[in-house]
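# A structural walkthrough
Listed below, chain by chain, are the residues.
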Amino acid sequence: MTESAFINITELTREFKNKTALEQITLSIQEGELFGLVGPDGAGKTTLLRILAGLLQITAGQVVAAGYDLNKEPEEIKPHIGYMAQEFSLYEKLSVVENLMFFADLYNVDVKEQEDRIQKLLSFAGLTEFKNRRAAHLSGGMQKKLALATTLLHEPPLLLLDEPTTGVDPISRREFWNILTDLHLNGTTIIVSTPYMDEADRCSRVGLMYQGELVICDSPVNIRNLLDGDLVKITTSDWQEAHTVLAPLAGVKEIQTYGEALHILVDSGKTRLPQLTRALKEHNLAVDEARTASPRMEEAFISLIRKMDQVN
Ligand SMILES: Nc1ncnc2c1ncn2[C@@H]1O[C@H](COP(=O)(O)OP(=O)(O)O)[C@@H](O)[C@H]1O
Ligand SMILES: [Mg+2]
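The present account deals with the structure reproduced in this document. Not measured: the values here are computed from a predicted model.

Moving on, we get to the packing of helix α8 (residues 239-246) against helix α9 (residues 269-282). Direction vectors running N to C along α8 and α9 enclose 120 degrees, while the axes themselves pass 10 Å from each other. The pairing of α8 with α9 is recorded here as oblique in orientation. Read as a crossing pair, α8 and α9 show a hand that is right-handed. Contacts between α8 and α9 involve A242, V245 and L246 on the former and, on the latter, L276, A279 and L280. Of the residues that constitute the contact of α8 with α9, the class distribution is six nonpolar, no polar and no charged.

Take the environment of L262 next. Topologically, L262 is positioned in strand β13 (residues 261-266). Distance from L262 to D238, taken between C-alpha atoms, is 10 Å for residues 24 residues apart in sequence. Contact partners of L262, with chain neighbours within four places excluded, come to I234, W239, A242, H243, L246, I255 and T257.

Once that is clear, we can look at the site of ligand 1. In the vicinity of ligand 1, the contacting residues are F16, K19, A21, G39, D41, G42, A43, G44, K45, T46 and T47. In terms of residues, the shell around ligand 1 owes the most to one element, helix α1 (residues 45-52), which gives three residues. Split by residue class, the shell around ligand 1 holds three nonpolar, five polar and three charged.

So, how was this worked out
- In this numbering scheme, every chain counts its residues from 1 along its sequence in written order.
- All chains are assigned letters beginning at A, and all ligands numbers beginning at 1, according to the order in which they are written.
- With pLDDT at 70 or above as the cut-off, local features in this predicted model cover only qualifying residues; side-chain atom pairs require 80 or more to be listed or tallied, and sums for whole chains, interfaces and linings still use all residues.
- A fitted line through C-alpha atoms serves as each axis, taken over the contacting stretch for helices, and the angle formed by two N-to-C directions is quoted from 0 to 180°.
- Under the scheme used here, helices are H or I runs from DSSP no shorter than 4 residues and strands are E runs no shorter than 2 residues, and both carry numbers assigned from the N terminus.
- Roughly parallel means an angle under 35 degrees; roughly antiparallel means over 145; roughly perpendicular covers 65 to 115; every other angle is labelled oblique.
- Left-handed describes a crossing whose near helix is turned anticlockwise from the far helix by less than a right angle; the clockwise case is right-handed.
- By the criterion used throughout, residues are in contact when their C-beta atoms, derived from the backbone, lie within 7 Å.
- Classification convention: Asp, Glu, Lys, Arg as charged; Ala, Val, Leu, Ile, Met, Phe, Trp, Tyr, Cys, Pro as nonpolar; all other residues, Gly among them, as polar.
- Near, for a residue, is defined by distance from a backbone-placed C-beta atom to a molecule or strand, with 6 Å as the limit that must not be exceeded.

What follows is the structure, encoded as structure tokens:
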């Protein structure tokens, strides 16, 4: 661990009454990183973000963020962060611009600077033409952008975003991420949790959480490279039977199901693809699609989580 990291988390544990939500997490994040947190529901993402936001007490371990020791001074960090909660709330009856004015007051933004910053954020978030619309009447994607804008009013160096795009359509998700990329390029440190693997791919580093533990933390390319071997994607008339047929074959390391499709990790796609399709045909299974593909982070994560389940 480097002393100079912007955020140093050391053996962080958080317990609730009868649940360990975080177990001995150790993680350093450098200034300016766009760091993604992924993991299934209940993994501990929200708990970690709330601790970093100074909203939740630490049970054991140490967290130093932006120079503040969160065991000792959780309140002091608050002016330096922008926190967008998973269940964020806007004032639905207020217009876009009124919401921004409300939060500018809340964050004690100098009155002389408020108007200028609000105009800039409206434009930055693509909300200028909707500035007089009530928050209740914005699309889901625009509400998320407004919520993000409210967290930026006091120009925090650290942004903590908890699933900011969940449930939003793909185009709005892309727009939201373009804004995050701009902030990242301007030097803001961002920690963002997401259930979407394509979003995790846009991060400089990604941490996978599972059952309160940090399973792995690395760049997207290194995580993808953890899977040695190739991926074969096969869709058949009966994925369950196909699974049974393929699992024992030579060269098959692992099979993951994605709806009707099977993603099969093999030692060599070129060698195994014809063997696999032949085996399926011998069992009278119609092969709708069979091709090799590059492994994505999603396959790598599922593989890692399975290995953890086998160990536990
Ligand atoms: N206030 C709380 N009281 C009791 N258990 C909690 C509380 N908050 C979270 N948990 C539990 O801690 C675990 C981690 O939750 P959370 O951090 O919300 O995960 P995630 O955001 O990854 O879905 C879950 O098992 C959850 O039920
Ligand atoms: Mg959560």
